[in-house]
Amino acid sequence: MTKMELRPLGNTGLKVSAVGFGASPLGSVFGPVAEDDAVATTREAFRLGINFFDTSPYYGGTLSEKMLGKGLKALQVPRSDYIVATKCGRYKEGFDFSAERVRKSIDESLERLQLDYVDILHCHDIEFGSLDQIVSETIPALQKLKQEGKTRFVGITGLPLDIFTYVLDRVPPGTVDVILSYCHYGVNDSTLLDLLPYLKSKGVGVISASPLAMGLLTEQGPPEWHPASPELKSACKAAVTHCKSKGKKITKLALQYSLANKEISSVLVGMSSVSQVEENVAAVTELESLGMDQETLSEVEAILEPVKNLTWPSGIHQN
């Protein structure tokens, strides 16, 4: 079996698995997940070389963190063998990016995760707050937690790409170690590409989540609440149907497309079953040995061409 590729994450010195474990489904966000399954899924991911686990108190109203905590504990390996990211600022009750809430948040998260520290603490979906508060209050609070050893590195996450430049241009270099972008590096939307040279110049590590566009590029289709336009949904559905007619899996193709860019340190994929883990790892292994199915990829890209880089609005936006 091929070993999972590890990639350096910005200037952090961390080496993260090319596929990262998105733990939001463990919070039963996409359907119920039993504790035994959550633990088994976490263990299988680690066994197959995934060392990077991402969660948030927002996922499943703290359930994801609790489930992941149980899964990681069951590994019974040294803490330095795996990398954990959680978030602060977004909760089931709403948004709160105040310094005071950030301090409380990390202590609650560590308790649920059964850990002494996390490797990365992200400000979660910052476009919903005041970006100036993020710069002047939230990030300094995260810096303090870094000095105290509760987190090793600091990150920011969100959907619109210009929030990253807004914040990074206003904080001292090295203050933000990582960004997590989602739905902007996949077959239907690759706008993150334009930002990569800028992020590299800032020494910031890049994590990209949701190569399947939050379910648009899956056979079961997006959840009811998905914010994409009808036009984007129907084009993605057509692409899914095309792959199916050829006996190909669009999920594998979409994941491989995202993984092929080595400038992105880790591609986060939500997983809630052992079979999903195995499928995702197989996609990486196959990409390394056989490369991508270029023919099907070209056909899918042609179907998605009219909706390429069409996104959806997210939250309050500031310039």
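See the structure shown above.
Residues numbered from 1 in each chain as written. Predicted model: local features only at pLDDT ≥ 70, side-chain atom pairs only at ≥ 80, totals over all residues. Heavy atoms only, no water.

(A) Region of the structure containing helix 10 (residues 294-304). Residues of helix 10 that are buried include every one of Thr296, Leu297, Val300 and Leu304, and no others. On an axial view of helix 10, the arc spanned by its buried residues comes to 100°, and they lie on one face. More than 90 degrees from the buried face of helix 10, the exposed residues found are Glu295 and Ala302. Residues of helix 10 that are buried sit in contact with helix 7 (230-245) and helix 8 (250-259). (Buried < 20%, exposed > 50% of the residue type's maximum accessible area, 1.4 Å probe, protein only. Helix = DSSP H or I, 4+ residues; strand = E, 2+ residues; numbered from the N terminus. Arc of directions from axis to C-beta. Contact = heavy atoms within 4.5 Å.)

(B) Fine view of the packing of aromatic side chains. Going through the model one piece at a time under the given rule, you end up with five aromatic pairs. Relative to Tyr59, the ring of Tyr58 has its centre 6.4 Å away and its plane inclined at 55°; by these criteria the two rings are tilted. According to the relative accessible area criterion, Tyr58 is partly exposed, its value standing at 31%. A relative accessible area of 17% means that Tyr59 is categorised as buried. (Phe/Tyr/Trp six-rings, centres within 6.5 Å; stacked < 30°, edge-to-face > 60°.)

(C) Spatial organisation of the pairing of strand 5 (residues 83-88). Within strand 5, six of the six residues are buried, leaving the element largely enclosed by the surrounding structure. Across three bridges, strand 4 (residues 52-54) lies against strand 5 in parallel orientation. Bridge pairing links Asp54 to Ala85 in strand 5. After leaving strand 4, the chain enters helix 2 (residues 63-75) and then returns to the sheet as strand 5, a path that is right-handed. Relative to strand 8 (residues 118-123), strand 5 is paired through four bridges, and the arrangement is parallel. What sits directly across from Cys88, in strand 8, is Cys123. (Pairing = 2+ DSSP bridges. Right-handed = clockwise from strand over helix to strand, strands pointing away.)

(D) Looking closely at a nonpolar patch on the surface. On the surface, Val29, Phe30 and Trp225 cluster together into a nonpolar patch covering about 320 Å² of accessible area. Within the element layout of this structure, Phe30 appears in the loop between strand 3 (19-22) and helix 1 (35-47). (Patch = residues over 30% accessible without salt bridge, like charges linked within 9 Å, V, L, I, M, F, W, Y side chains within 5 Å. Areas by Shrake-Rupley, 256 points an atom, 1.4 Å probe, with all protein chains shown as cover. Salt bridge = Lys/Arg side-chain N within 4 Å of Asp/Glu carboxyl O.)

(E) Spotlight on the pattern of salt bridges. Taken as a whole and assessed by the stated rule, the structure comprises 21 salt bridges. Note that Lys104 and Glu108 form a salt bridge whose closest N and O atoms lie 3.5 Å from each other. Of this pair, Lys104 and Glu108 both sit in helix 3 (residues 99-113), separated by four residues, roughly a single helical turn. When its relative accessible area of 23% is taken as the criterion, Glu108 is described as partly exposed.

(F) Representation of the sheet that holds strand 4 within the structure. Strand order in the closed barrel formed by eight strands is 3-4-5-8-9-10-11-12, and the pairing between neighbours is parallel. Taking the axes of each pair of neighbouring strands and ignoring which way they run, one obtains an average angle of 30° across the sheet. (Axes fitted to C-alpha atoms, helices over the stretch in contact; angles between N-to-C directions.)

(G) Focus on the pairing of strand 9 (residues 151-158). Among the eight residues that make up strand 9, seven are buried, leaving the element largely enclosed by the rest of the structure. Direction of pairing for strand 8 relative to strand 9: parallel, over a ladder of five bridges. In the strand pairing of strand 9, Cys123 is matched with Ile156. As for the winding sense of the linkage, the β-α-β connection from strand 8 through helix 4 (residues 131-147) to strand 9 is right-handed. Looking at chain direction, strand 9 and strand 10 (residues 178-182) are connected through four bridges and run parallel. Directly across from Ile156, in strand 10, lies its bridge partner Ile179.

(H) Inspection of the state of the cysteines at higher detail. Tallied over the entire structure, the rule returns zero disulfides. For the unlinked cysteine Cys123, the closest cysteine sulfur is that of Cys88, found at 4.7 Å. We note that Cys243 lacks a disulfide partner, and the nearest cysteine sulfur, in Cys236, lies 11 Å from it. (Disulfide = S-S within 2.5 Å.)

(I) The side chain of Lys87, seen in detail. Looking at the element boundaries, Lys87 is found in strand 5. Its relative accessible area of 1% is what places Lys87 among the buried residues. Within the structure, the side chain of Lys87 is placed 2.7 Å from the side chain of Asp54, a separation counted as a polar contact. Looking at Lys87, its side chain comes within polar contact range of the main-chain oxygen of Thr55, at 3.0 Å. Setting aside its immediate chain neighbours within four residues, Lys87 contacts Asp54, Thr55, Ser56, Pro57, Tyr59, Ser105, Ser109, Leu121, His122, His124, Thr157 and Leu180. (Polar contact = N/O pair within 3.5 Å; in protein donor to acceptor, adjacent residues only side chain to side chain.)

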